[in-house]
Protein chains: 4
Amino acid sequence: MSDARVRIGMLGAGFIGQMHSLAMRSARYTRLQPAIEADLVVLAEADAGLAREVAHRYQWRHTTTDWGVLPTHELDLFINAGPNHLHRAACEAAAQAGIGLFCEKPLAPTADEAYDIWRITVRHGVLHRCAYMHRFIPAIQFMRRLVREGELGEITNFRSSFLLDMSTDGATSWRFDRAKAGAGAIGDLGSHHIDVARFVVGEVVRVSAMVASRHEGANDDAAVVTAQLDNGALAVFDVNRVSPAHDLSGRIEIDGTRGSVAWHMQRLNEVVIRKPRQGARTEFVTRPEHPLEGFWLPGGIQGSHPLGWNECFAHQSRDILGLAAGQLTESPAATFEDGYRVAQVVDTVLEAANTGRSIAVDYRPS
Amino acid sequence: MSDARVRIGMLGAGFIGQMHSLAMRSARYTRLQPAIEADLVVLAEADAGLAREVAHRYQWRHTTTDWGVLPTHELDLFINAGPNHLHRAACEAAAQAGIGLFCEKPLAPTADEAYDIWRITVRHGVLHRCAYMHRFIPAIQFMRRLVREGELGEITNFRSSFLLDMSTDGATSWRFDRAKAGAGAIGDLGSHHIDVARFVVGEVVRVSAMVASRHEGANDDAAVVTAQLDNGALAVFDVNRVSPAHDLSGRIEIDGTRGSVAWHMQRLNEVVIRKPRQGARTEFVTRPEHPLEGFWLPGGIQGSHPLGWNECFAHQSRDILGLAAGQLTESPAATFEDGYRVAQVVDTVLEAANTGRSIAVDYRPS
Amino acid sequence: MSDARVRIGMLGAGFIGQMHSLAMRSARYTRLQPAIEADLVVLAEADAGLAREVAHRYQWRHTTTDWGVLPTHELDLFINAGPNHLHRAACEAAAQAGIGLFCEKPLAPTADEAYDIWRITVRHGVLHRCAYMHRFIPAIQFMRRLVREGELGEITNFRSSFLLDMSTDGATSWRFDRAKAGAGAIGDLGSHHIDVARFVVGEVVRVSAMVASRHEGANDDAAVVTAQLDNGALAVFDVNRVSPAHDLSGRIEIDGTRGSVAWHMQRLNEVVIRKPRQGARTEFVTRPEHPLEGFWLPGGIQGSHPLGWNECFAHQSRDILGLAAGQLTESPAATFEDGYRVAQVVDTVLEAANTGRSIAVDYRPS
Amino acid sequence: MSDARVRIGMLGAGFIGQMHSLAMRSARYTRLQPAIEADLVVLAEADAGLAREVAHRYQWRHTTTDWGVLPTHELDLFINAGPNHLHRAACEAAAQAGIGLFCEKPLAPTADEAYDIWRITVRHGVLHRCAYMHRFIPAIQFMRRLVREGELGEITNFRSSFLLDMSTDGATSWRFDRAKAGAGAIGDLGSHHIDVARFVVGEVVRVSAMVASRHEGANDDAAVVTAQLDNGALAVFDVNRVSPAHDLSGRIEIDGTRGSVAWHMQRLNEVVIRKPRQGARTEFVTRPEHPLEGFWLPGGIQGSHPLGWNECFAHQSRDILGLAAGQLTESPAATFEDGYRVAQVVDTVLEAANTGRSIAVDYRPS
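Residues numbered from 1 in each chain as written. Chains lettered and ligands numbered in written order. Predicted model: local features only at pLDDT ≥ 70, side-chain atom pairs only at ≥ 80, totals over all residues. Heavy atoms only, no water.

(A) Quick look at the pattern of salt bridges. Using the criterion set out here, one finds 120 salt bridges over all chains in the structure. One salt bridge in this structure joins Glu253(A) and Arg274(A), with 3.6 Å as the shortest N-O distance. Here Glu253(A), found in strand E11 (residues 248-256), pairs with Arg274(A), found in strand E13 (residues 267-274); they are 21 residues apart in sequence, far enough to count as distant. With a relative accessible area of 4%, Glu253(A) lands in the buried category. In this structure Arg274(A) comes out as buried when scored by relative accessible area, which is 16%. Arg175(D) serves as the salt-bridge partner of Asp188(D), at 3.1 Å between the closest nitrogen and oxygen. Of this pair, Asp188(D) sits in helix H7 (residues 185-188) while Arg175(D) sits in the loop between strand E7 (155-164) and helix H6 (178-181), placing them 13 residues apart in sequence. Look at Arg175(D) and you get partly exposed, because its relative accessible area is 27%. One network of salt bridges, in which partners are shared, links Arg135(A), Asp195(A), Arg198(A), Glu203(A), Glu337(A), Asp338(A) and Arg341(A). (Salt bridge = Lys/Arg side-chain N within 4 Å of Asp/Glu carboxyl O. Helix = DSSP H or I, 4+ residues; strand = E, 2+ residues; numbered from the N terminus. Buried < 20%, exposed > 50% of the residue type's maximum accessible area, 1.4 Å probe, protein only.)

(B) Quick look at the pairing of strand E12 (residues 260-264) of chain B. Residue and element names in this part refer to chain B. Extensive coverage of E12 is indicated by the burial of 4 of its 5 residues. Pairing of strand E11 (residues 248-256) with E12 involves 5 bridges; the strand directions are antiparallel. Within the sheet, the bridge partner assigned to isoleucine 254 lies in E12 and is valine 261. What sits between E11 and E12 in their antiparallel hairpin is a turn of 3 residues. With 5 bridges joining them, E12 and strand E13 (residues 267-274) adopt antiparallel strand pairing. (Pairing = 2+ DSSP bridges.)

(C) Examining the interface of chain B and chain C more closely. Facing 44 residues of chain B, the contacting portion of chain C comprises 44 residues. Carbon and sulfur atoms supply 57% of the area that chain B and chain C bury against each other, a total of about 4,300 Å² over both sides. Inspection of the chain B/chain C interface yields 4 salt bridges. For Glu270(C), the salt bridge is made with Arg267(B), and the minimal N-O distance between the two is 2.7 Å. Applying the counting criterion to the chain B and chain C interface returns 18 residue pairs in polar contact (both at pLDDT 80 or more). Within the residue set of the side of chain B that touches chain C, elements represented by two or more residues are helix H1 (15-27), helix H2 (48-58), E13, strand E14 (280-284) and helix H9 (309-324) of chain B. (Contact = heavy atoms within 4.5 Å. Buried area = accessible area lost by both parts, 1.4 Å probe. Polar contact = N/O pair within 3.5 Å; in protein donor to acceptor, adjacent residues only side chain to side chain.)

(D) Molecular detail of the nonpolar core. Formed by 249 residues in total, the largest nonpolar core has its most connected members in Ile254(A) and Ile254(D). Discounting residues that sit within four places of it in the chain, Ile254(A) has contacts with Met143(A), Val147(A), Leu152(A), Ile155(A), Asn157(A), Phe158(A), Val200(A), Val201(A), Gly259(A), Ser260(A) and Val261(A). Core analysis: the second largest hydrophobic core is formed by 248 residues, Leu75(B), Val346(B), Ala81(C) and Val342(C) among them. (Core = buried A, V, L, I, M, F, W, Y, C linked by side-chain atoms within 4.5 Å.)

(E) Spotlight on the sheet that holds strand E5 (residues 100-103) of chain B. Residues and elements named next belong to chain B. With parallel pairing, the 6 strands of this open sheet are ordered in space as E3-E2-E1-E4-E5-E6. Each edge of the open sheet carries a strand with a single partner, namely strand E3 (62-64) and strand E6 (128-130). Within this sheet the neighbouring strands show an average axis-to-axis angle of 25 degrees, counted without direction. Alignment of strand E1 (residues 4-11) against strand E4 (residues 77-80), held across 4 bridges, turns out to be parallel. Note that in E4 the partner of leucine 11 across the bridge is asparagine 80. Against the sheet, helix H10 (residues 336-355) contacts E5 and E6, and its axis sits at roughly 45 degrees relative to E6. (Axes fitted to C-alpha atoms, helices over the stretch in contact; angles between N-to-C directions.)

(F) Seen up close, the relation of the copies chain B and chain C. When chain B is brought onto chain C, the operation consists of a screw motion whose angular component is 180 degrees and whose axial shift is 0.0 Å, with 0.0 Å RMSD remaining. What the rotation and shift describe, once combined, is the action of a two-fold rotation axis. Within chain B, Gly308(B) has its C-alpha nearest the rotation axis, a separation of 1.9 Å. By residue overlap, the copies meet face to face through one surface: 100% of the interface positions of chain B are interface positions in chain C. (Least-squares fit on C-alpha atoms with pLDDT ≥ 70 in both.)

(G) Structural context of the interface of chain B and chain A. Listed by partner, the interface residues are 44 residues for chain B and 44 residues for chain A. Carbon and sulfur atoms make up 54% of the surface buried where chain B meets chain A, a total of about 3,300 Å² over both sides. At the boundary of chain B with chain A, the tally comes to 6 salt bridges. The partner of Arg159(B) in a salt bridge is Asp238(A), and the shortest N-O contact between them spans 2.8 Å. Counting the contacts that link chain B with chain A gives 13 residue pairs in polar contact (both at pLDDT 80 or more). Elements with a contribution of two residues or more to the side of chain B that touches chain A: strand E7 (155-164), strand E8 (204-212), strand E9 (222-229), strand E10 (234-240) and E11 of chain B. Element by element, the count of residues in the side of chain B that touches chain A is highest for E9(B), at 7 residues.

Shown next, in the form of structure tokens:
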């Protein structure tokens, strides 16, 4: 295959838009072949000054304050890095223009809206991927491999907590507004871990939940959720976005009848593997036999150096570039169907919390 | 106060009865004053050979295979270390004889039976304590102090998991038999953490749960429980007794608006304290300012040496001896009321799991 | 073998004397057969009030302020828990009376004096053991087993640091006085790790060192030592007794051509085992297959509970009791020959530091 | 300041040359202003196929197999990523052409050669920096800040170990050849930690050492070094390059009279801070107040994500670009004087090991 170029438009120059810009630039310099260049054509952002600053830093060719004009450019890919309530309209416009879609998570404020986005995209036959980027962390892929290969036996438990502190910018953010964001902590943080459970173990079939909110009129600040996965495993999702003692604490542990594996977001490159009567083994997922090894540099001693978050983000970017360039057909990236299904779980969690009942997740058909 | 002697009878010479014997012997040699001698008068155990062996090792004066004769001895204290379904009858017999009671946990197979034991004891006016021994681990007492003194702010989350592997002796044990043991993992393991939540944070007011069992006809092997505590905090109890990758993994984390503290049973003497923007601080709870320091040896450099599980058990024994000798009136030890209330939570968890509903815990009055 | 009783006299009721008293009492209640009772006959201590207090707590039958009278009692064992400069005279008096010897470490302030003590003891044909108690920590015995069984291949490196803070009671202690204590940090702390290197890997054959002292006129506060062991391995001993940030930090790591094992004193029951390309595995040395398991209670799930420092001390006491009662002939306990050889290494370290030369350790013959 | 462009030639397309290429590309996309573009003009590499592959991946404009032609290009900066014995000639040629120099570490196989390179560079008045990249790890800069601001009191100890496994490609590599590489483990690994000691604490004034080699005729495979720093602190450098159990274990611990800080290479973003009676606090060096924060993305919750090794390498690249573009005058990067002084320490270590003497490091004047 020869080198390729993917023409990109993006909505949103805030934190996450900057992260995508950086990652798209970095992804050019992977050792994977062929090289795929992200051609950053046009950046749409309501704040014109921010747009100029970000465009200058990452060499976007054009900026606009009106995302509606994006489809008028010749683009291969649209990155939707705007707030949740803008996902649908901008995705639909791009899909109508035949542009491939890469949309931030959660896919939409509600499961219904997420379902619509998914179906629209399928109708227009364009590429659709949702940025559940945990799938591009080597440790997560390695956990999935362990599960798939039966290393842990039959999976009995998935437990996770995702704790951080948004309270400083808190109540003023669109993230706290039910209309704009949809769910709160369970939608913003929990959705990542729900997707990991699905990616690594299996679909969520039933949930029960309690939620709490410390901010008057805001969506949920904290939730504790129990769930059943499709293989019968029990799961716990414990999320809190106003947890000031926790910087950025995302923990996942998966237990099976023959072993267990755990991961902590702040120790991005490590998994802790437990086997019966063997204690806990910390494995640095940076060696030649590990997923995504050799992506950046040749393996070996120095290839064992730790990776960072931005690099994992760039793993995702390279995957999306490969799909958009037609050079990949398979990919670990979440589709809009995955995005919809996670949203359906989140909505069911809120209903379970409201009703005090355990509820089966009722997925809509494709 | 002068040295004292407490005359003791015990039912059960199995593992836990041996542990009590050892701890009662050790507790004689604390630096706390006065010295209280455990006079191990009579040991009741159905297996006569085991009784003799254990009596010889720990210098019990008499053995019997019939626990019914215990009240005929002159005793100050009865230790009930028999299986759960024998707690009630033996406790009642001792209470009638005016003997103080120290009973293993859970107090009974069901909340109703636990309630009866409690009320009988109160009616006879005898000492009653239930062996939720986590309360005598210095780290747990230190966590409680942090919470009480407001170091963590308002508590928002209690999360715990208790995972181990009973599968080797599994299905043959009385612990797997609903009639003899009552609940399974949630009663045997979960009850410890439920009591810690109550001891350190506050009462459990509402629960929701899912359970699983891998053994046909047995009680629950695993449970995932969400709960609300009386201050509004959300709690998670995650227990599994057939989790072969986990040797003895009991973890507790308590989050508040100003800090967090975590503890892991295998690292008995450590707590991990998190404060906003300060990372995670591991404190060894073995210094002069810590609970129970100086119990065994003078503090200082070498007083900072780690304590073991048996020593924590002996902390409990010394407390019970002090109560039985009339030299202590206050104590951190769980009463039979605590024992009943934990049992009520456990029964409500099972009902919540069976009905798929969130249920308020309905405690019976004293 | 039938139960036994060992009649004991001890010099010193300070911290370490209290620790021996406690451990001797605890050692009675091991599951090892036969039961051996420590008969605590007479305690010699210059401070009569302290002697009475300690005697009352641990049930010593007699006290004296004159250690010279100890040999007039009928004793099987003399525990020398006095300061280093009193080791020789009291040991000699006991040996002359045919009493077995168990002496605190270091054996003497100088290698010459240690040699004399050893030779005197041998001449009188009495039991001689030196309290290098690290040998009775299950994790240390487990490390030794790994080395002996070739699990780590050929040993290439031994590295250790022993850091704590004696600065509060510092300069006033006899430990800081060269005449009374001999060497400072390298004698008090370093000697433990030197003995562990010898016990686990092999004899020390050559040393090089730098030392520092923060206290005018005192012996060494800190030392950094490189050494060669008899198999060619390189070793590092890094000690500092005025290191206020370190509570009680004793770390040992042993590397070989096929693996590595590490241990940290504050995590007494854990070793970290590294094998090529397998990461670092934390093993809790509390399972049935581990050294000293079952000493206190039957193995199994609850036998996996962590042990404490006092319990390891009691492991040592039981061993010494067994030797004194004539029921053990082999033992991991250090002999006075070991005590002398460690002292010879310590003296050579000081000479190496003084001369700026690497020096071969010149052991005197038996 | 306006955006700038730095024209670069490089010798060496092996692992380290690829790493520089990647880092120079990444450094373009920092948030630091102005943007500085690395113009990768010409890559010299003896293996023409490798040169083409690397040039294609990182968009070098020209390749050559003859490094002698580099100075014929219009260049601002020469990166010397060739083997140690080629550092001098290529650096001299570039310096003569007035090109700034950025040379891999160690600066040369011997201290004499390193001294010559430094003096040549100074004579020609060109930029000179040596790639001791640890200086660009935020955690290392943070440790330095703690020391400088007196947070740890007076520094008493620096201890480090650097252990990894080069045995697979071992004996065939130029790194094992004394003529080409100079020292072995102490030059290749130890030099990093010697430079960190100098950067964070102070100059090395005296050393003592033992070395070992497992490969016939090769330079040192392992060394254990004790040292004194200019403030009187004791230091240990413990290095082993054939240590198969250790993937990439670089550990540094610095103790002072008021605190201690430790760092482990595999946990790149963490330091462990100990203060008296406060236990050990793990701080993730990724928050707004930390060094180099905001380099890549705006701070805040998500700015707290972990960084990787490549990103730290790019921190260094941006610094070198800033210096070469004349936009920075101060910099944490090591100069060739630093490179020489480290080489002098390394040579003194080898002499100390050979002679069995402690030797003062005799630095040559500028």
